[in-house]
Amino acid sequence: MSNPRPSPSRVSFASVTPNNLGTVRKLNAVLFPIKYSEKFYNDIVHPDVEDFCQLIYYSDIPVGTMCCRIEVKDGQARLYLMTLAVLAPYRSRGIGSESLQHLIDTAAAHAKPKISAIYLHVQVSNSDAKRFYERHGFKEVGLYENYYKKITPHDAWILQRDIQPVKAPEGK
Amino acid sequence: MPPAGIPPARALPSKESALFKEVLHYYEDRQLKKGLKAADTILKKFPNHGETLCMKGLILTHMGRREEGLELVKQGVRLDLTSHICWHVFGLIQKGQKNYEEALKSYTQALRFDKDNMNILRDAAHLQTQLRHYDALVETRHTLLRLRPQLRQNWIALAVAYTLSGNLIEAKHVLEQFERIVKNVPDYDVEMSEVLLYHVRILEDLGEHAEALALLDSSAKSRTIIDRVAIMEFRARLLSKLKSPEAQQAWQGLIEQNPDCYGYYNGILANRGIDLDAITDETRGEALQVLHDFSQQFSRAAAPLRIALTVAVGDEFKALIESYLRSRLEKGIPSVFTDLKALYRDAAKRETIESIAHALLDSLAHASDAPCPRSIDPATYVWTLYFLAQHHSHLGRHKRALELLDTALAHTPTLPELYLFRGRVLKRVGDPYGAARWVDQARLLDLQDRFLNTRCGKYRLRAGLIDEAVEVFGLFTKKDAASPAQDLEDMQSLLYLTEEADAQLRLGNYAMALKKYVGIAKIFDDFEDDQFDFHGYSVRKFTINIYLNMLKWEDTLRSHPAYVHAAIAASRILVRVHDDPTVTTKPASQSHLSDAEKKAKKKAKKAEKKVQEDSKKGASANSTNEDKGLDAGPPKDDDPDGTKLLQAPEPLERAAKLLKPLSSLTKDNLEAWFAIYDVAVRRKKYLQALQALNHAHRLDPDSPELHIRVVDFKRRWSSLSDKPAESVVDVVSSCLPKLIPDEVSLELFNSQYLQRHSSRGAAILAAAKVSRALDAPREEVEATVFNTLNADVELDLETAVAIDAFLSEIQSPREDEFRTACQQKFELSSVFAPREEVPALRRSALQQGIVDGNESKKEEMIS
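Computed from a prediction, not measured in an experiment: that's the story for all the values here.

Cut-off values and rules
- As a convention, each chain's residues are numbered from 1 in the sequence order in which they are written.
- Starting at A for chains and at 1 for ligands, labels are handed out in the order in which the entities are written.
- Totals for whole chains, interfaces and linings use every residue, but because this is a predicted model, local features are given only for residues with pLDDT of at least 70 and side-chain atom pairs only at 80 or more, for both listing and counting.
- Heavy atoms throughout the structure, all of them, feed into the side-chain values; hydrogens and water do not.
- Each helix corresponds to a stretch of at least 4 residues labelled H or I by DSSP, and each strand to a stretch of at least 2 residues labelled E; elements are numbered beginning at the N terminus.
- Accessible area is worked out with a 1.4 Å probe on protein chains only. A residue is then buried under 20% of its type maximum, exposed over 50%, and partly exposed in between.
- Any two residues whose heavy atoms approach within 4.5 Å at even a single point are treated as in contact.
- Calculation of accessible area relied on Shrake-Rupley with a 1.4 Å probe; when residues are assessed, cover is drawn exclusively from the protein chains displayed.
- Neither His nor the chain termini are counted; the positive set is Lys and Arg, and the negative set is Asp and Glu.
- A single reference atom marks each charge: NZ on Lys, CZ on Arg, CG on Asp, CD on Glu.
- Note that the radius of gyration is over C-alpha atoms, with the globule rule given as 2.2 Å times the number of residues to the power 0.38.
- Strand pairing is defined by DSSP finding a minimum of two bridges between the two strands.
- Note on method: axes are straight lines fitted to C-alpha atoms, helices fitted across the in-contact stretch only, with angles between N-to-C directions ranging 0 to 180 degrees.
- Whenever a carboxyl oxygen of Asp or Glu lies within 4 Å of a side-chain nitrogen of Lys or Arg, that contact is scored as a salt bridge.
- Definition of a polar contact: a pair of N or O atoms within 3.5 Å, with one able to donate and the other able to accept a hydrogen when the atoms are protein atoms, and with sequence-neighbouring residues admitted only if both atoms are side-chain atoms.
- Gly is placed with the polar residues, together with every amino acid not listed as nonpolar (Ala, Val, Leu, Ile, Met, Phe, Trp, Tyr, Cys and Pro) or charged (Asp, Glu, Lys and Arg).
- By definition here, a helix of n residues has an expected span of 1.5 Å times n minus one.
- The directions considered for the arc are those from the helix axis to the C-beta atoms.
- pLDDT measures how confident the predictor is about each residue, on a scale from 0 to 100.
- For any pair of crossing helices, the crossing counts as left-handed if the nearer helix is rotated counterclockwise from the farther one by less than a right angle, and right-handed if it is rotated clockwise.
- Here a cavity denotes grid points, spaced 1 Å and computed from the protein atoms alone, that fit a 1.4 Å probe unable to get out, and a pocket denotes an open set having protein on both sides within 12 Å along at least 5 of 7 lines; residues with an atom within 4 Å of a point are the lining.
- Grid points are joined across faces, edges and corners, and a volume is the space filled by probe spheres set on the points.
- Aromatic rings from Phe, Tyr and Trp, taking only the six-membered ring of Trp, are treated as a pair when their centres fall within 6.5 Å; an angle between ring planes under 30 degrees marks them as stacked, one over 60 as edge-to-face, and anything in between as tilted.
- Viewed with both strands pointing away, a crossover whose connecting path from the first strand over the helix to the second turns clockwise is right-handed.

Undergrad: Before we move on, can you summarise the overall build of chain B with the specific residues and values?
TA: In terms of regular secondary structure, chain B is built from 48 helices and one strand. Considering only C-alpha atoms, chain B reaches an extent of 95 × 85 × 70 Å along its principal axes. Expressed as a percentage of the 863 residues in chain B, the buried residues total 49%. When contacts within chain B are restricted to residue pairs at least 6 apart in sequence, long-range pairs at least 24 apart make up 62% of them. Carbon together with sulfur atoms contributes 51% to the accessible area of chain B, which is approximately 42,500 Å² in total. Within chain B, the 125 negative side-chain charges are centred at a point lying 5 Å from the centre of the 118 positive side-chain charges.

Following this line, the structure appears as structure tokens:
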């Protein structure tokens, strides 16, 4: 089940499950300056977010993760992108872009619930990341002051991209 | 049934006689309840009627009341010793108990009183095959054919019997006769096709190659042999043997069918007079040209490329290996080192591979904390590091290997292979605890990978963590099994049984170790029993060729490494028990009983209770018609910790039985000869013991273990109180001096050996053990052993561990000194750590979680 799907490109994806959670923990430990709680790990293996919590493989090696949660407010469902990162040596070869595009496509095709937007936080010192998301249609919609408690700078941009749902195939 | 001469005790009045026929009838139809009722009716009037008693016993056995049934059958046989029915029934029961020898005896008795009974003859034939009584088998098959010549399988069965007894000419005649008279064979008949292939095979084995080819070709043309691949393979082989010019084309055709079959390349090259196993400078060029042409023709085939690596030398090898290695590392094939390892026997090739791999690594090197340059593939870099780590560790450069692995892990911390191999390197340098910890890390990366799980269990066993090993094995075993261990044993997991037995032995739990070793031996008994059904099935279904191969394989079954290891290790335990019976009563085994074992014991008891209740229920409500068959079910385990097994009488006889197959199957195994010697000499089988020493001497005259045993033999022999038979004395006095000269004293012999091998650690240990046996003072023995620490002595880890065990055995006060010295000498090891630290080391192997220290340093926490 968690076997990466064959892909014409060398990038492939597999859902996060309790079985490969160790790989996610390992990646988070080296990728982020942040410690994630057990609640985080419990949430990302939930079947509802299966499509949006993915391991990213390059040549069948797990090199990154991408984890979202679904937030419903006023009947509108948005995806909050909690983590998206690729191991340092594997960066700058389009793996992140392909992953983000995969996420956007999956979100657009998702029916229950329909996803209206994807948003995320980026630390204000990380302008590379900001540019990356802007290339993929994200826009700065606000600033979250003191988002980070211990690491500096404390503030984070809020970036968001609206999702146009693709029409469901006829007969459904 | 014989019409006349019915003994009066067997004769029944007509009413009961009819009833008895009904019993037989009911039994045939498996209407057990009715059969039992009818038998009881007869027995009411004639309680001593042997045949009825036997039939009742047989029916009860089928109903699951085995002991009661067996008693009745025995009683019945005693009451009517000349009834074929009684003997047949007895034979059936014994066959069900897998007691083939006795069953065959009963069948032979039955045939004395009813010599043409087809059923009995057929069963007897199966038993004769199982027991390899091939001459008797030919007789039986002849009788069957005479009785029923119209049955095709009877002809084939006779040919098979002749083949097995080594009489191929008669087998050929039978098949020729059969083919002449057989009629109405449907088109594309698989059975006939198999028979004809079998016929071709016999002709080939007889060396009648032209006849074999003629039969093959005509049968292929008439489409009576329909196995296309077999036709091509037989044809190519026969043409080669006939030195026909067509052979080349035939092999070519096979390679076109399957360009990855090594055998075809052997064939086509052998046909050109090139022996792949003995390439010379004359044949090398031609072989490489042929292989090169094929690799051009079949660009996706690996076989011609890989074979070329074995054949090529020098610059040619260099050119070939470079592209071979590079393409595989670029594809990320994890097993490429395993694939190439066989080439390492050649030092020049080894060095070429090393320099090429390092050159490749240099061209790929990049930092692990920044994006890798676009011209480089980061995955190829990781696989190259992995390959080189295996390379260096294989050559004993473990530190180098660890450095490479650490570089790879910093670059890509998510590849399980890296963790697994880091564990393996640590195991090799004598750190079983660190090894277990690293392999567990690999497992945590992907919990549903059973390979990683099994590795983790194995490494935990190596670290002496038995409960914890069983715990991880349990993640993949059946949930309704009595225990993970039981399930693995039922699934015949040789790996698990071997590793657990070895682990128990290291912990000094002889009972449990012996139980698991014997469990391995039992699995091989099962393998042997499993062939039984095929003696009937294969002849009936005409799957003869594969059946003959299987019988040959069964004959060498116990040369399997797992059996050899188990038999030797078990025999050592049993010898120990013989030498010091107190080891069987030491409380060690009880107090060693781990939590998991205790749990398993409880569970087993519960299960047993349930079985008993069930059988009680079955007995009280025996109204069921359910047929439980004749095969005795698995016996219940009334010895969960192996104590009874360890305490059972005649340890040496049991050891001898386990070792018996080894003397013919593993002639090149020194360890096996030593085990055979150890048992034989204690059983006072001096000739067998001496023969074992001679075999070992032929394999390695300088072997340290042999030295110990030669002295041991001489000591035992010269202090014998009652002399053995004169013939034995003659042989020993003529053979022994070849192993140890008569004129020198044992002490001198020992010191000469020590002098000759003063730079070999294992030899020094052997000499020390011998002087200990010759009652040298302990200080002197210790001094000898400590010489192994000298700089000019070759001392490997295994020997160092053995020396430590020896010092412990002789209660040397210098053991700690030795361990400390070893800890320095084997700097990466943990096996020589002070004993009080071992529990902490074991625990360290179980470090929970996958992320290490740096996680706790992080301040920011997101929930």
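Undergrad: Hey, could you go over the overall build of chain A for me, with residue numbers and the actual values?
TA: Of the regular secondary structure elements, chain A holds four helices and eight strands. On C-alpha atoms alone, chain A measures out to a radius of gyration of 16 Å, which is about the 16 Å that the 2.2 N^0.38 rule sets for 172 residues. Counting all 172 residues of chain A, 52% fall into the buried class. Across chain A, contacts joining residues at least 24 apart in sequence account for 60% of those joining residues at least 6 apart. Of the roughly 8,700 Å² that chain A leaves accessible, carbon and sulfur atoms contribute 49%. Distance from the positive charge centre (22 side chains) to the negative charge centre (17 side chains) of chain A: 3 Å.

Undergrad: Give me the lowdown on the sheet that holds strand β3 (residues 53-58) of chain A, citing residues and values where you can.
TA: Residue and element names in this part refer to chain A. Overall, mixed pairing links the seven strands, which are arranged β1-β3-β4-β5-β6-β8-β7 in an open sheet. Edge positions in the sheet fall to β1 (11-15) and β7 (139-144), since each has one partner strand and no second. Neighbouring strand axes in the sheet, compared pairwise and without regard to direction, differ in orientation by 30 degrees on average. Direction of pairing for β3 relative to strand β4 (residues 61-73): antiparallel, over a ladder of six bridges. Bridged to Tyr57 within β4 is Pro62. Running at roughly 95 degrees to β4, helix α1 (residues 21-31) makes contact with β3, β4 and β5 (76-86) of the sheet.

Undergrad: Let's hear about the interface of chain A and chain B: which residues, and what values?
TA: The extent of an interface is frequently quoted as the accessible surface area lost upon association of the parts. Listed per partner, the contact involves 35 residues of chain A and 38 residues of chain B. Linking chain A with chain B are one salt bridge, by the criterion used here. Residues Arg10(A) and Asp377(B) are paired through a salt bridge, measuring 2.8 Å at the closest nitrogen-oxygen approach. Inspection of the chain A/chain B interface yields eleven residue pairs in polar contact (both at pLDDT 80 or more). Mapped by element, the contributors of at least two residues to the side of chain A that touches chain B are α1, β2 (34-36) and β4 of chain A. Counting residues per element, the side of chain A that touches chain B draws most heavily on α1(A), at eight residues. Class assignment for the residues of the side of chain A that touches chain B results in 18 nonpolar, nine polar and eight charged. Inspection of the sheet shows β2(A) paired to strand β1 (residues 860-862) of chain B by three bridges, in the parallel sense. Considered in β1(B), the bridge of Tyr36(A) is made with Ile862(B).

Undergrad: Give me helix α1 (residues 14-28) of chain B: which residues, what numbers.
TA: Residues and elements named next belong to chain B. The end-to-end C-alpha distance of α1 is 21 Å, a good match for the 21 Å that 15 residues give at a rise of 1.5 Å each. Of all the positions in α1, only Glu16, Leu19, Phe20, Val23, Tyr26 and Tyr27 are classed as buried. All buried residues of α1 lie within an arc of 120 degrees about the axis, which places them on one face of the element. Counted as exposed and oriented over 90 degrees from the buried face of α1: Ser14, Lys21 and Glu28. Where α1 is buried, its residues meet α2 (32-45), α3 (50-62) and α5 (84-96). Arg30 lies just past α1 and shows a positive phi near 55 degrees.

Undergrad: Provide a residue-level description of the confidence of the model for chain B, including the pertinent values.
TA: All names here are of chain B. Of the residues in chain B, 93% have a pLDDT of 70 or more, and the chain-wide mean is 92. By mean pLDDT, helix α33 (residues 588-591) is the weakest element of chain B at 44, and helix α21 (residues 378-394) is the strongest at 98. Counting contacts from residues 618-622, a segment whose pLDDT is below 50, to residues more than four positions away or on other chains yields two contacts. For this predicted complex, the interface confidence score (ipTM) comes to 0.92, while the overall pTM stands at 0.90.

Undergrad: So what's going on with the packing of helix α6 (residues 100-113) of chain B against helix α7 (residues 118-130) of chain B? Which residues, and what values?
TA: Residue and element names in this part refer to chain B. For the pair α6 and α7, the least separation of the axes is 10 Å and the interaxial angle reads 145 degrees. The two elements α6 and α7 meet at a crossing, and its hand is left-handed. Touching Tyr100, Ala103, Leu104, Tyr107, Ala110 and Leu111 of α6 are Ile120, Leu121, Asp123, Ala124, Leu127, Gln128 and Gln130, all from α7. The class makeup of the residues in the contact of α6 with α7 is ten nonpolar, two polar and one charged.

Undergrad: Account for helix α3 (residues 95-109) of chain A, naming residues and giving values.
TA: The first and last C-alpha atoms of α3(A) sit 21 Å apart over 15 residues, in line with the 21 Å expected at 1.5 Å per residue. Burial in α3(A) covers these residues: Ile95(A), Gly96(A), Ser99(A), Leu100(A), His102(A), Leu103(A), Ile104(A), Thr106(A), Ala107(A) and Ala108(A).

Undergrad: Describe in detail empty space enclosed by the protein, supporting the description with residues and values.
TA: Residues and elements named next belong to chain B. Tallied over the entire structure, the rule returns one cavity of 30 Å³ or more. Quantified by volume, the largest cavity comes out at close to 40 Å³. Together, Thr129, Leu137, Arg141, Ala157, Val160, Ala161, Leu164, His535, Val539 and Tyr547 line the largest cavity. For the lining of the largest cavity, the elements supplying multiple residues, two or more each, are α8 (134-147), α9 (152-164) and α30 (532-541). When residues in the lining of the largest cavity are grouped by element, the largest group, four residues, is from α9. Per-class residue counts for the lining of the largest cavity are seven nonpolar, two polar and one charged.

Undergrad: I'd like to hear about the packing of aromatic side chains, residue by residue, with values.
TA: This structure, assessed with the given rule, holds 29 aromatic pairs over all chains. Aromatic side chains Tyr144(A) and Tyr147(A) sit 5.0 Å apart centroid to centroid with 70 degrees between the ring planes, which places their arrangement in the edge-to-face category. Taking relative accessible area as the criterion, Tyr144(A) reaches 38% and is therefore assigned partly exposed. Taking the relative accessible area as the measure of exposure, Tyr147(A) reaches 17% and is therefore buried. On the numbers, 6.3 Å between centres and 50 degrees between planes, the contact of Trp87(B) with Phe90(B) is tilted.

Undergrad: Which residues make up the pattern of salt bridges, and what are the values?
TA: Residues and elements named next belong to chain B. By the definition in use, this model includes 46 salt bridges over all chains. For the salt bridge of Asp712 with Arg716, the shortest nitrogen-to-oxygen distance reads 3.0 Å. On the criterion of helical spacing, the pair formed by Asp712 and Arg716 is a turn pair, its members being four residues apart in helix α40 (residues 704-718). For Arg716, a relative accessible area of 27% translates into the label partly exposed.

Undergrad: Lay out the pairing of strand β6 (residues 115-123) of chain A in plain terms, naming residues and giving numbers.
TA: All names here are of chain A. Extensive coverage of β6 is indicated by the burial of eight of its nine residues. Looking at chain direction, β5 and β6 are connected through four bridges and run parallel. In the sheet register, Arg78 faces β6, and the bridge partner there is Ala117. The parallel pair β5 and β6 is bridged by α3, and the resulting crossover is right-handed. Two elements, β6 and strand β8 (residues 156-162), share seven bridges in a ladder whose sense is antiparallel.

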